[in-house]
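# Structural features, examined
So you can see what is in the structure, the chains are spelled out below.
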Amino acid sequence: MSADNTKAVLETRNLSVRYGKVEALRATNLRLCAGQIVTVIGPNGAGKSSLLNAIMGALPTNGQAEGAVLYEDHDVSHHAIELRLGKGLALVPEKRELFTTMSVEDNLVLGAYRRRKAGWSYRDGLERIYSIFPRLKERRHQLAGTMSGGERQMVAIGRALMSDPKVLMLDEPSLGLAPRVMAEVFHVISHLRDSGVATLLIEQNSRAALQVSDYGYVLEVGDVTLEGPAADLAKNPKVIEAYLGAKH
Ligand SMILES: Nc1ncnc2c1ncn2[C@@H]1O[C@H](COP(=O)(O)OP(=O)(O)OP(=O)(O)O)[C@@H](O)[C@H]1O
């Protein structure tokens with residue numbers, strides 16, 4: 001599927017990020033459609049986290065974004081993070097940022113604090129998350145800080161899904177996970193597509209990311225240097241050499 005022939009749920013127009021004199025992201029144009037998985041691959045320091053944080057309105061205090069973030073055709077660039085969350089954007093940050101001394105279930109419930117849909121109960125939300133991640137149901141009373149790395153990632157994704165987002169952004173979801181757990185996380189990501197969630201995925205594991213994605217962007221030192229259907233990028237000699245070769 002091309003990123004161009006369907007209506008975008010999320011679009012960035014000339015989105016740039018700077019931290020004082022450091023230019024982390026330059027005039028980036030990216031599109032994401034409903035039910036699509038789009039990945040951004042690139043080396044350390046390329047500006048990938050800055051991109052997601054700028055879309056969410058969650059840049060650190062010394063960070064400044066320019067350009068536009070369009071969500072369902074509305075410019076949300078000047079909206080606070082809570083408003084973006086309430087509209088349907090959600091971010092699972094690289095560090096997961098769980099409340100470690102609270103139970104798994106309480107962490108999940110906190111994810112629904114901006115949810116306003118009439119007739120919705122957080123029990124329904126929890127049941128949905130538990131059907132996606134049955135292990136979290138078994139462990140719902142366990143303190144989040146005592147969960148394994150993979151389980152914590154599941155809690156972090158589950159918490160983001162509790163806000164019923166239309167756009168889910170994942171920053172390095174496979175970081176630090178054993179291959180088997182990583183495969184489980186990627187399996188869940190590809191299943192979310194079926195429920196209409198659009199996913200913007202940032203990954204160091206380029207091979208796995210391109211395998212589950214419809215479309216991809218290569219970001220290098222703040223610039224998009226390549227983009228295209230994920231299957232084409234996976235065959236591109238430059239991508240193979242830089243990101244998919246034996247050393248990766
Ligand atoms: N708060 C900050 N203050 C100053 N510079 C920053 C800040 N955050 C990031 N940077 C710089 O901006 C550039 C892009 O960083 P960013 O974290 O967005 O890249 P990344 O592609 O996500 O990297 P990684 O894969 O290592 O997480 C880097 O040069 C980084 O050092």
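As shown above, the structure is provided for reference.
What this report covers is the structure whose coordinates are included nearby. (Residues numbered from 1 in each chain as written. Predicted model: local features only at pLDDT ≥ 70, side-chain atom pairs only at ≥ 80, totals over all residues.)

Another aspect to go through is the overall build of the protein. Counting its secondary structure elements, the protein contains ten helices and ten strands. The C-alpha radius of gyration of the protein comes to 17 Å, within 12% of the 18 Å expected for a compact globule of 248 residues. By principal-axis analysis of the C-alpha atoms, the protein measures approximately 45 × 40 × 35 Å. Within the span of the protein, comprising 248 residues, buried residues form 44% of the whole. (Helix = DSSP H or I, 4+ residues; strand = E, 2+ residues; numbered from the N terminus. Rg over C-alpha atoms; globule rule 2.2 N^0.38 Å. Buried ≥ 20, exposed ≤ 12 C-beta atoms within 10 Å, placed from the backbone.)

Core analysis: the largest hydrophobic core is formed by 69 residues, its most contacted members being L32, V167 and M169. The greatest single-element share of this core, amounting to six residues, is contributed by helix α6 (residues 149-161). In terms of domain composition, this core takes at least three residues from each of domain 1 (1-88 + 165-248) and domain 2 (98-164). In contact with V167, other than residues within four places in its own chain, are V9, L10, L32, G88, L89, A198 and L200. (Core = buried A, V, L, I, M, F, W, Y, C linked by C-beta atoms within 7 Å. Domains from an automatic or database assignment. Contact = placed C-beta atoms within 7 Å.)

Time to look at the environment of R140. Looking at the element boundaries, R140 is found in the loop between α5 (134-138) and α6. With 14 residues separating them in the primary sequence, R140 and L126 have C-alpha atoms 10.0 Å apart. Discounting chain neighbours no more than four positions away, the residues touching R140 are S103, V104 and E105.

Okay, α6 next. An α-helical turn contains 3.6 residues, so a residue and the one three or four places further along point in the same direction. Over its 13 residues, α6 runs 18 Å from end to end, which matches the ideal 18 Å to within 8%, given 1.5 Å per residue. Most of α6 sits inside the fold, with ten of its 13 residues counted as buried. Within α6, burial applies to R152, Q153, M154, V155, A156, I157, G158, R159, A160 and L161. Summarising the contacts, the buried residues of α6 are in contact with β6 (89-92), α3 (104-110), α4 (122-132), α5, β7 (167-171) and α7 (179-192). (Expected span 1.5 Å × (residues − 1).)

With respect to the helices and strands, the residue I55 is situated in helix α1 (residues 48-56). The exposure class assigned to I55 is buried, which follows from the 27 C-beta atoms found within 10 Å. Ignoring sequence-local partners within four residues, the contact set of I55 consists of T12, V69, L89 and M169.

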